[in-house]
Amino acid sequence: MMYLQYILVFIFGTIIGSFLNVVIYRIPRKESIVYPPSHCTKCGHKLKPVDLFPVLSYILLKGRCRHCGEKISIRYPAVEFLTGFIFFIIFYHFGLSIKALSYIFLSAVLVAITFIDIEHKIIPNKIILTGLIGGIIFRVLLYNYGILDYVIGFALGGGILLLISIISGGGMGGGDIKLMALIGLFVGWKLTLTTLFIAVLLGAIGGIILIILKVKTRKDYIPFGPYISMACLISILYGYDLLNLYIGYIRG
Ligand SMILES: [Zn+2]
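This part takes up the pattern of salt bridges. As enumerated under the stated definition, the model contains four salt bridges in all. Notably, a salt bridge pairs Arg 29 with Glu 119, separated by 3.5 Å at the nearest N-O pair. In this pair, Arg 29 is assigned in the loop between helix 1 (2-26) and helix 2 (56-60) and Glu 119 in helix 4 (residues 98-120), connecting sequence segments 90 residues apart. Classification of Glu 119 as partly exposed rests on a relative accessible area of 38%. Between Glu 70 and Lys 42 there is a salt bridge whose closest N-O contact spans 3.7 Å. One end of the pair, Glu 70, is in the loop between helix 2 and helix 3 (75-94); the other, Lys 42, is in the loop between helix 1 and helix 2, and 28 residues separate them in sequence.

Another aspect to go through is the environment of Ile 164. With respect to the helices and strands, Ile 164 occurs in helix 6 (residues 148-167). With 13 residues separating them along the chain, Ile 164 and Ile 177 place their C-alpha atoms 9.5 Å apart.

This part covers the coordination of the zinc ion. Within the protein, the atoms that donate to the zinc ion are Cys 40 (SG), Cys 43 (SG), Cys 65 (SG) and Cys 68 (SG), at distances of 2.3 to 2.4 Å. For the zinc ion, the four donor atoms are set out with angles of 104 to 114° between them, so the coordination reads as tetrahedral. Here the donor residues of the zinc ion are spaced in sequence according to C-x2-C-x21-C-x2-C. In this pair, Cys 43 is assigned in the loop between helix 1 and helix 2 and Cys 65 in the loop between helix 2 and helix 3, connecting sequence segments 22 residues apart. Assessed through its relative accessible area of 33%, Cys 43 is described here as partly exposed.

This paragraph deals with unusual backbone geometry. In this chain, Tyr 35 is followed by Pro 36 through a cis amide linkage whose omega measures -5°. With a phi angle near 60°, Lys 214 is a residue other than glycine that sits in the positive phi range. With respect to the helices, strands and loops of the structure, Lys 214 is situated in the loop between helix 7 (174-212) and helix 8 (225-250).

With that out of the way, let us pick up the domain arrangement of the protein. As assigned here, the protein comprises domain 1 (1-96) and domain 2 (124-252). Of note, the centres of domain 1 and domain 2, computed from C-alpha atoms alone, are 26 Å apart. Every contact between the two is made by seven residues of domain 1 and, on the other side, seven residues of domain 2. Summed over both sides, the interface between domain 1 and domain 2 buries roughly 590 Å², with carbon and sulfur atoms accounting for 87% of that surface. On the domain 1 side of the contact with domain 2, Ile 27, His 93 and Phe 94 bury the most area, a combined 56% of that side's loss. At the surface where domain 1 touches domain 2, the tally comes to zero salt bridges. At the boundary of domain 1 and domain 2, one finds one residue pair in polar contact (both at pLDDT 80 or more). The dominant element in the side of domain 1 that touches domain 2, judged by the number of residues it contributes, is helix 3, at five residues. Across the side of domain 1 that touches domain 2, the residue classes tally to six nonpolar, one polar and no charged.

Thresholds applied
Residues numbered from 1 in each chain as written. Predicted model: local features only at pLDDT ≥ 70, side-chain atom pairs only at ≥ 80, totals over all residues. Heavy atoms only, no water. Salt bridge = Lys/Arg side-chain N within 4 Å of Asp/Glu carboxyl O. Helix = DSSP H or I, 4+ residues; strand = E, 2+ residues; numbered from the N terminus. Buried < 20%, exposed > 50% of the residue type's maximum accessible area, 1.4 Å probe, protein only. Donors = N, O, S within 2.8 Å, 3.2 Å for Na, K, Ca; no water. Tetrahedral: all angles 85-135°; square planar, octahedral: opposite > 155°, others 65-115°. Domains from an automatic or database assignment. Contact = heavy atoms within 4.5 Å. Buried area = accessible area lost by both parts, 1.4 Å probe. Polar contact = N/O pair within 3.5 Å; in protein donor to acceptor, adjacent residues only side chain to side chain. Nonpolar A, V, L, I, M, F, W, Y, C, P; charged D, E, K, R; others polar.

Take a look at the structure:
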């Protein structure tokens, strides 16, 4: 019976992922996310309901538009699968709870931000604002977890990056600052710190790999949003384990 729940959560995730694909494509292009309905971006052919089925439709269509044969980006099934997988892991870790739902909401926001930041090197205010509204609603629903911890997380996450931005003379984007503040509101101040720490670590490793592979040069701007997002997910799942490990280590 438990298996069925996991499968349903995964499928729910792929459906949300399908919606995130629309968000990722249209928000940076300043298009409406509700109108017009999904269509091929080349020939404008309207997608049939069967073409909207996450992941599977891509496989059935062999990655091409049914009408004009235009290649469909692998990003579409990738985002759908990834979102399904993340929802599954969070549900597996936290069970069906409001806390798990708050993390599922946050992870959907992070998926959208990651793919937009990679392609357009921006983190749209619309998405940050949506995240903030969700964050405030979840703080009210989860009031038994306390509020102060999360308000501090919000101030600390945004504050540290703002400070780095001022010191480095704008080396940190405004979107990253807002994103870290948003994350703090969801995860509290402790996991905000582990998120920052892991993000810097991943950013350094990722940057070196991209430069070695010659995907980027030292002078290129490398978006930090994807690293923050990945670090946040790791912190949600394993942040307290890492903190305990660290505290055990410094106590000897
Ligand atoms: Zn087409």
